[in-house]
Amino acid sequence: MTEMTKEALAADVQATRERLHEAPRQWWRDAVIYEVYVRSFRDTNQDGIGDLAGVLEKLDYIADLGADAVWLSPFYPSPQQDFGYDVTDLTGVDPRHGTLADFTDLVRAAHDRELRVLVDFIAPHTSDEHPWFQESRASRDGPRADWYVWADPAPDGLPPNNWLSSFGGPAWTWEPRRNQYYYHPFLECQPALDLENPAVREAIAEAMRFWFDLGADGMRLDAAQTLGHDRALRSNPPAAEPGGGAPIGGGPGNPFARQMHLFDRDTPEAIETLQWLRGVADEYDDPPRVLIGELADMDSARLAEKYTARGDALHAVYDFEMIQVPPDVPMIVDLLRRREQHLPTGWRLTAFGNHDAQRAVSNMFPEASARGKQREAAKLLLFVLFCLRGGSVLYQGEELGLPHVEVGFEDIRDPWGKNLWPDFPGRDGSRTPMPWQRDADHLGFCDDCTPWLPPAPEHGPLAVDAQTDDPNSPLRFTQAFLEWRKRSPALRWGDQRVEEASRDELILWHRWSGEEALLLAANFGLTACELKIEGGGQPIAAPGCVTHHAEGRMELPPLGFAVIRH
């Protein structure tokens, strides 16, 4: 890189910083987005599967938490081989989840409560039962023959390259009717669309406009890293060390981590597709529509900025970095500092858990949970989530401190878990039904049904009604803290600097905006630790925070946290 190029890059970064500071404070920059896994949230028609009417029924609960938006997991027509992420119609509602009228009623009611609605939109692939794919696989000559990623076999008859599915095994499946392979980054039943085909792009654009016209405020774009692929179909090189490739779930038995995914993930073609998707969203400006992109299977801390910084692709990145970080404070601090270093001008939402991962309190605090400190650990995790720079995504049940559930093989529904059992038990342990009532049948998920996954007995004492009556519960803490957070410009929009790890249990970071400057302290340890308060700082009586101090020193109890104003 020449000196002139470095100067030009520095000027571009500074110009972007100035643009961001001068821009209106868009709602998504500090939003708390509540992820609803519709299938497990609330069942109103007694078929054992959650529905849109159940979300509508519980909107007041979500609004009372202090959330700004609701993200709905897929509710489209689907064979449900991957529970909605295998779509057969991007402009419909699966009858198991309700009707289009249910969706419009939900949007209207959410807007009445000043909640925005994001739909989970799947652009990279469809179900193999989608009419588009049925037509495409029939022959090489039909109108949709080139709507998906097809390739001839290698000379020896094997797939055209070594690409692997995130779910384990080859990413290519043979189709005898065409004498070709089709590409699927995930399950065999999820063939990849060719998003560089203008006809495919227009079909996707029509589907996006459909939901925007019905009032959706934005989209969480599924698997944004797979929106493009290397057109030359070059094979990926092996990882430098076994398992040293992409950070992905599935345990050490998943061969996906043995490759460096240079040609099937995070390719230049993916960025170009995102810019085109952004153009569709930008057709709407009253109100603007937002695109939040999921980034996984990659080092998103290092790569996320290019997806957001220039304002022509994603509005914000939703990544898996904090979801997959081990319960090790120095490693957490290192990751937070790397995120700062590599995202100076872009924007991201932080999440500690979702429907694809182990529940956060079990993942990040296994020892605390084992010692009966789950409640304190849950509050600490929520504090950190709400105080880091950027918006945050709260997965249903995290406000209750729900632990992960061990699901027996006989109850596993997740195809990923079935593929990689017993090395990886799958994702069902974070998808069990939401516990609404401690003493009700099925914990209030439904009244008279057989739930698609068994409700977890250990979630009963943590049910919503039990925590509502407990002033010291994680639920009540969430409500109080988010109400307090709304009055802090530093926590909503401010800059951030994470201090280097000086102790194995303490995380310290600074947030500031205008005249408000805060130091945030979180003790991840199971013993008390002392914090020195310098420069006349004063602890703030924020909900749940430690305030007692003497002579410039504060003792943070196990799993305690504090906000100090400078």
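Note that this is a predicted model, so its numbers are computed, not measured. (Residues numbered from 1 in each chain as written. Predicted model: local features only at pLDDT ≥ 70, side-chain atom pairs only at ≥ 80, totals over all residues. Heavy atoms only, no water.)

Asker: Help me understand the overall build of the chain in this model?
Answerer: Looking only at helices and strands, the chain features 18 helices and 18 strands. On C-alpha atoms alone, the chain measures out to a radius of gyration of 24 Å, which is about the 24 Å that the 2.2 N^0.38 rule sets for 566 residues. Along the three orthogonal principal directions, the C-alpha set of the chain runs to about 80 × 70 × 50 Å. In the chain, which comprises 566 residues, the proportion classed as buried is 60%. When contacts within the chain are restricted to residue pairs at least 6 apart in sequence, long-range pairs at least 24 apart make up 69% of them. By element, 49% of the accessible surface of the chain is carried by carbon and sulfur atoms, the whole surface being about 22200 Å². The positive charge centre, built from 55 side chains, and the negative charge centre, built from 90, are 4 Å apart in the chain. (Helix = DSSP H or I, 4+ residues; strand = E, 2+ residues; numbered from the N terminus. Rg over C-alpha atoms; globule rule 2.2 N^0.38 Å. Buried < 20%, exposed > 50% of the residue type's maximum accessible area, 1.4 Å probe, protein only. Contact = heavy atoms within 4.5 Å. Areas by Shrake-Rupley, 256 points an atom, 1.4 Å probe, with all protein chains shown as cover. Lys, Arg positive; Asp, Glu negative; His and termini not counted. Charge placed at Lys NZ, Arg CZ, Asp CG, Glu CD.)

Asker: Quick question: what am I supposed to make of the pairing of strand β2 (residues 69-72) here?
Answerer: Looking along a regular strand, one sees side chains alternate from face to face of the sheet. Neither face of β2 is exposed, since A69 and W71 on one face and V70 and L72 on the opposite face are all buried. Where strand β1 (residues 32-36) meets β2, 4 bridges bridge the pair, whose relative direction is parallel. Looking at β2, one finds that Y34 is bridged to V70. Here β2 pairs with strand β3 (residues 116-121) via 4 bridges, running parallel. If you follow A69 over to β3, its bridge partner there is R116. With respect to chirality, the unit in which β2 leads through helix α4 (residues 100-112) into the neighbouring parallel β3 is right-handed. (Pairing = 2+ DSSP bridges. Right-handed = clockwise from strand over helix to strand, strands pointing away.)

Asker: Sorry if this is basic, but what is going on with the environment of D68 here?
Answerer: By the secondary structure assignment, D68 is in the loop between α3 (59-65) and β2. Taking C-alpha positions, D68 is 18 Å from F41, a pair spaced 27 residues apart along the chain. Apart from the residues within four sequence positions on either side, D68 is in contact with D30, A31, V32, E114, L115, R116 and K486.

Asker: Help me understand the sheet that holds β1, please; the structure alone is not making it clear to me.
Answerer: In a beta sheet, neighbouring strands pair by backbone hydrogen bonds and run either parallel or antiparallel. With parallel pairing, the 8 strands of this closed barrel are ordered in space as β1-β2-β3-β7-β8-β9-β10-β11. Neighbour-to-neighbour, the strand axes of the sheet open up by a mean angle of 25 degrees, direction not taken into account. The sheet strands contacting helix α14 (residues 374-387) are β1, β10 (348-351) and β11 (391-395), and the helix crosses β11 at an angle near 145 degrees. (Axes fitted to C-alpha atoms, helices over the stretch in contact; angles between N-to-C directions.)

Asker: I tried to follow helix α11 (residues 329-342) on my own but got confused; where do I start?
Answerer: Three- or four-residue spacings in an α-helix give side chains the same orientation, since the helix completes a turn every 3.6 residues. Given a rise of 1.5 Å per residue, 14 residues ought to cover 20 Å, and the 20 Å separating the end C-alpha atoms of α11 matches this to within 8%. Taken together, the buried positions of α11 are occupied by V329, I332, V333, L335, L336 and R339. Along the axis of α11, the buried positions cluster into a sector of 160 degrees, meaning they face one direction only. Where α11 begins, the side chain of D328 points an oxygen toward the backbone nitrogen of M331, at a separation of 2.9 Å. (Expected span 1.5 Å × (residues − 1). Arc of directions from axis to C-beta. Polar contact = N/O pair within 3.5 Å; in protein donor to acceptor, adjacent residues only side chain to side chain.)

Asker: Looking at this model, I keep getting lost on the nonpolar core. Mind explaining?
Answerer: What tends to happen in soluble globular proteins is that the nonpolar side chains get buried as a cluster. With 121 residues, the main nonpolar core has L72, F121 and F383 as its most contacted residues. Setting aside anything within four residues of it in sequence, one finds F383 in contact with F477, F481, W509, L520, A521, A522, C545, F561, A562 and V563. Grouped together as the second largest cluster of nonpolar side chains are 19 residues, W28, A31, I33 and A296 included. (Core = buried A, V, L, I, M, F, W, Y, C linked by side-chain atoms within 4.5 Å.)

Asker: I'm lost on the packing of helix α6 (residues 198-213) against helix α7 (residues 268-281) in this one. Help?
Answerer: A pair of packed helices is captured by two measures, namely the crossing angle of their axes and the spacing between those axes. At a minimum axis distance of 10 Å, the contact between α6 and α7 shows a crossing angle of 40 degrees. Our classification of the angle between α6 and α7 gives oblique. The interaxial crossing formed by α6 with α7 has right-handed handedness. Across the interface between the two elements, R201, E202, I204, A205, M208, R209 and F212 from α6 touch E272, T273, W276, L277, V280 and A281 from α7. A class-by-class count of the residues in the contact of α6 with α7 yields 8 nonpolar, 1 polar and 4 charged. (Parallel < 35°, antiparallel > 145°, perpendicular 65-115°, else oblique. Left-handed = near helix turned anticlockwise from the far one by under 90°. Nonpolar A, V, L, I, M, F, W, Y, C, P; charged D, E, K, R; others polar.)

Asker: It is not clear to me how the pairing of β3 should be interpreted in this structure. Could you clarify?
Answerer: Here β3 lies mainly inside the structure; 5 of its 6 residues are buried. Here β3 runs beside strand β7 (residues 218-221); their pairing, made up of 4 bridges, is parallel. What sits directly across from L118, in β7, is G218.

Asker: What should I look at first to understand the state of the cysteines in this one?
Answerer: A covalent bond between the sulfur atoms of two cysteines is referred to as a disulfide. Taken as a whole and judged by the stated rule, the model has 1 disulfide. Across a sulfur-sulfur distance of 1.8 Å, C446 and C449 are joined as a disulfide pair. Given an S-S torsion of about -60 degrees, the disulfide between C446 and C449 has left-handed geometry. As far as the burial class goes, C446 and C449 line up, both buried. Free cysteine C387: the closest other cysteine sulfur is in C545, separated by 7.1 Å. On the basis of relative accessibility, which here comes to 0%, the residue C387 falls in the buried class. (Disulfide = S-S within 2.5 Å.)

Asker: Where do I start with unusual backbone geometry in this structure?
Answerer: Most peptide bonds take the trans form, and the phi angle of most residues other than glycine is negative. Between D286 and the following residue, P287, the backbone shows a cis peptide bond with an omega angle of 0 degrees. You can see P287 is positioned in the loop between α7 and β8 (290-295). With an omega dihedral of 5 degrees, the bond running from W421 to P422 counts as a cis peptide bond. Inspection of the secondary structure assignment puts P422 in the loop between α15 (415-420) and α16 (464-468).

Asker: Please explain helix α17 (residues 474-485) as it appears in this structure.
Answerer: Over its 12 residues, α17 runs 16 Å from end to end, which matches the ideal 16 Å to within 8%, given 1.5 Å per residue. The complete set of buried residues in α17 reads P474, L475, F477, T478, F481, L482, W484 and R485.

Asker: Got a minute to help me understand the pattern of salt bridges in this structure?
Answerer: Oppositely charged side chains can pair when the atoms bearing their charge come close. This model, assessed by the stated rule, comprises 38 salt bridges. For D447, the salt bridge identified is with R42, shortest N-O distance 3.9 Å. Note that D447 is positioned in the loop between α15 and α16 and R42 in the loop between β1 and α2 (52-57), a separation of 405 residues in sequence. With a relative accessible area of 49%, D447 lands in the partly exposed category. Salt-bridge contacts for R553 lead to E530; the nearest nitrogen and oxygen are separated by 2.9 Å. Residue R553 is located in strand β17 (residues 553-556), and its partner E530 is located in strand β15 (residues 529-532); the two are separated by 23 residues in the primary sequence. Through salt bridges with shared partners, one network takes in D82, D356, D414, R427 and R431. (Salt bridge = Lys/Arg side-chain N within 4 Å of Asp/Glu carboxyl O.)

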